[in-house]
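Examination of the molecular architecture
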Amino acid sequence: MRCPYCRFPDSRVVDSREVEEGQTIRRRRSCPECGKRFTTVEEATLAVIKRSGVTEPFRRDKVVSGVRRACQGRPVDDDALALLSQQVEDAVRATGAAEVDSGDVGLAILGPLRLLDEVAYLRFASVYRGFDSLADFEAEIVALRAVPPLDLPPPVPAGAAGPAR
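A few points on the structure.

Remarks on helix α1 (residues 60–70)
- Among the residues making up α1, those that are buried are V63, V64, G66, V67 and A70.
- Looking at the buried side of α1, the elements it contacts are α2 (78–93), α3 (102–116) and α4 (118–128).

Have a look at this one:
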């Protein structure tokens, strides 16, 4: 790393710290030539390749805005959407690829969205998968009923007491 003060082409790392859950690394460096210290920030970028071929940086707010439309009128709060967008980003980053297809981002949204709200899931899936007919909706509903979500707690019957706390 070039020293910003004397332009010496090398520097020594004095300290490294992870920031933002490991997505960014902050390094304190020292120049062996002039002795001054400076900080560098390294960030792993994640790019999304859209259908048109255009590449743009991954943004959680775009995930939230897309899912928010599917959740319109549903009992889903902003904290749940923020958590969902974090889960989507974690899943996409876990692939290890620096560039991911927008379709892969959509697939990463479907799982957590189903756990969050099945009606919103159906709305999102209908746009994402391009449902053309009532039969498409029916087939998706049959699939939803056939494979129950794994992480949902069992439903509490009406009038029954909730879990002990």
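Description of α4
- Looking at α4, one finds that the buried residues are A120, Y121, L122, F124, A125 and S126.
- Each element contacted by the buried residues of α4 is listed here: α1, α3 and α5 (134–146).
- At the N-terminal end of α4, a side-chain oxygen is found 3.0 Å from the backbone nitrogen of V119, two or three residues along, and the residue is D117.
- Positive backbone phi, approximately 65°, marks G130, located one or two places after α4.

Structural notes on the state of the cysteines
- Scanning the entire structure with this criterion turns up zero disulfides.
- No disulfide involves C31; its sulfur sits 3.6 Å from the nearest other cysteine sulfur, which is in C6.
- Its relative accessible area of 2% is what places C31 among the buried residues.

A word on the sheet that holds strand β4 (residues 47–49)
- The strand order across the open sheet built from three strands is β5-β4-β6, with neighbouring strands paired in mixed fashion. The open sheet has two edge strands, β5 (55–57) and β6 (99–101), and neither has a second partner. Between one strand and the next, the sheet's axes are offset by a mean angle of 35°, whatever the strand orientation.
- Sheet topology places β4 next to β5; three bridges connect them, and they run antiparallel. If you follow I49 over to β5, its bridge partner there is T55.
- Set on the sheet, α3 makes contact with β4 and β6; between it and β6 the angle comes to about 75°.

Scoring rules and cut-offs
Residues numbered from 1 in each chain as written. Predicted model: local features only at pLDDT ≥ 70, side-chain atom pairs only at ≥ 80, totals over all residues. Heavy atoms only, no water. Buried < 20%, exposed > 50% of the residue type's maximum accessible area, 1.4 Å probe, protein only. Helix = DSSP H or I, 4+ residues; strand = E, 2+ residues; numbered from the N terminus. Contact = heavy atoms within 4.5 Å. Polar contact = N/O pair within 3.5 Å; in protein donor to acceptor, adjacent residues only side chain to side chain. Disulfide = S-S within 2.5 Å. Pairing = 2+ DSSP bridges. Axes fitted to C-alpha atoms, helices over the stretch in contact; angles between N-to-C directions.

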